[in-house]
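# Survey of secondary and tertiary structure
Now for the letters of each chain:
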Amino acid sequence: MNTNATVVTILGAIVALLGMVWLVQGLAIVQIDPILCVADCEPITGRSVQWTVIGVITLFVGIVIAGAGLKRGNR
């Protein structure tokens, strides 16, 4: 596996993990307080359709990016 493929795979994994965090927060499975806020930050309480959808999309994009990195590395 070359360096570019490794970087793309790691980037995809990070994006997928971020999507997973947003997904479980949106489904109210986990509650994580905001870490870094610029304005009026409030934790997500209860279910949030918006963050669930954002989490699913981000998770899917991360999986696609990681898959592309793995595919590129297997050439």
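Residues numbered from 1 in each chain as written. Predicted model: local features only at pLDDT ≥ 70, side-chain atom pairs only at ≥ 80, totals over all residues. Heavy atoms only, no water.

## Here's the deal with the packing of aromatic side chains
Under the counting rule described, the total for this entry stands at 1 aromatic pair. With a centroid separation of 5.5 Å and an interplanar angle of 55 degrees, the aromatic rings of Trp 22 and Trp 51 are classed as tilted. With Trp 22 in helix α1 (residues 3-26) and Trp 51 in helix α2 (residues 49-73), this pair connects stretches of sequence that are 29 residues apart. Residue class for Trp 51 comes out partly exposed when judged on its relative accessible area of 28%. (Phe/Tyr/Trp six-rings, centres within 6.5 Å; stacked < 30°, edge-to-face > 60°. Helix = DSSP H or I, 4+ residues; strand = E, 2+ residues; numbered from the N terminus. Buried < 20%, exposed > 50% of the residue type's maximum accessible area, 1.4 Å probe, protein only.)

## Focus on the packing of α1 against α2
Across the interface, α1 lies against α2 with an axial gap of 7 Å and an inter-helix angle of 160 degrees. The angle between α1 and α2 falls in the class roughly antiparallel. Between α1 and α2 the crossing geometry is left-handed. A per-class count over the contact of α1 with α2 returns 16 nonpolar, 11 polar and 1 charged. (Axes fitted to C-alpha atoms, helices over the stretch in contact; angles between N-to-C directions. Parallel < 35°, antiparallel > 145°, perpendicular 65-115°, else oblique. Left-handed = near helix turned anticlockwise from the far one by under 90°. Nonpolar A, V, L, I, M, F, W, Y, C, P; charged D, E, K, R; others polar.)

## A look at a nonpolar patch on the surface
A cluster of nonpolar side chains, contributed by Val 49, Val 53, Ile 57, Phe 60, Val 61 and Val 64, occupies part of the molecular surface with about 560 Å² of accessible area. The exposure class assigned to Val 49 is exposed, which follows from its relative accessible area of 67%. (Patch = residues over 30% accessible without salt bridge, like charges linked within 9 Å, V, L, I, M, F, W, Y side chains within 5 Å. Areas by Shrake-Rupley, 256 points an atom, 1.4 Å probe, with all protein chains shown as cover. Salt bridge = Lys/Arg side-chain N within 4 Å of Asp/Glu carboxyl O.)

## Some points on the environment of Thr 58
Within the element layout of this structure, Thr 58 appears in helix α2. Separated by 35 residues in sequence, Thr 58 and Leu 23 have C-alpha atoms that sit 8.9 Å apart. Those residues in contact with Thr 58 that sit more than four places away from it in its chain are Val 15, Ala 16, Gly 19 and Trp 22. Looking at Thr 58, its side chain comes within polar contact range of the main-chain oxygen of Ile 54, at 2.7 Å. (Contact = heavy atoms within 4.5 Å. Polar contact = N/O pair within 3.5 Å; in protein donor to acceptor, adjacent residues only side chain to side chain.)

## Regarding unusual backbone geometry
One non-glycine residue, Ala 28, lies in positive phi territory at about 65 degrees. Assignment of secondary structure puts Ala 28 in the loop between α1 and α2. Judged by relative accessible area, which is 38%, Ala 28 ranks as partly exposed.

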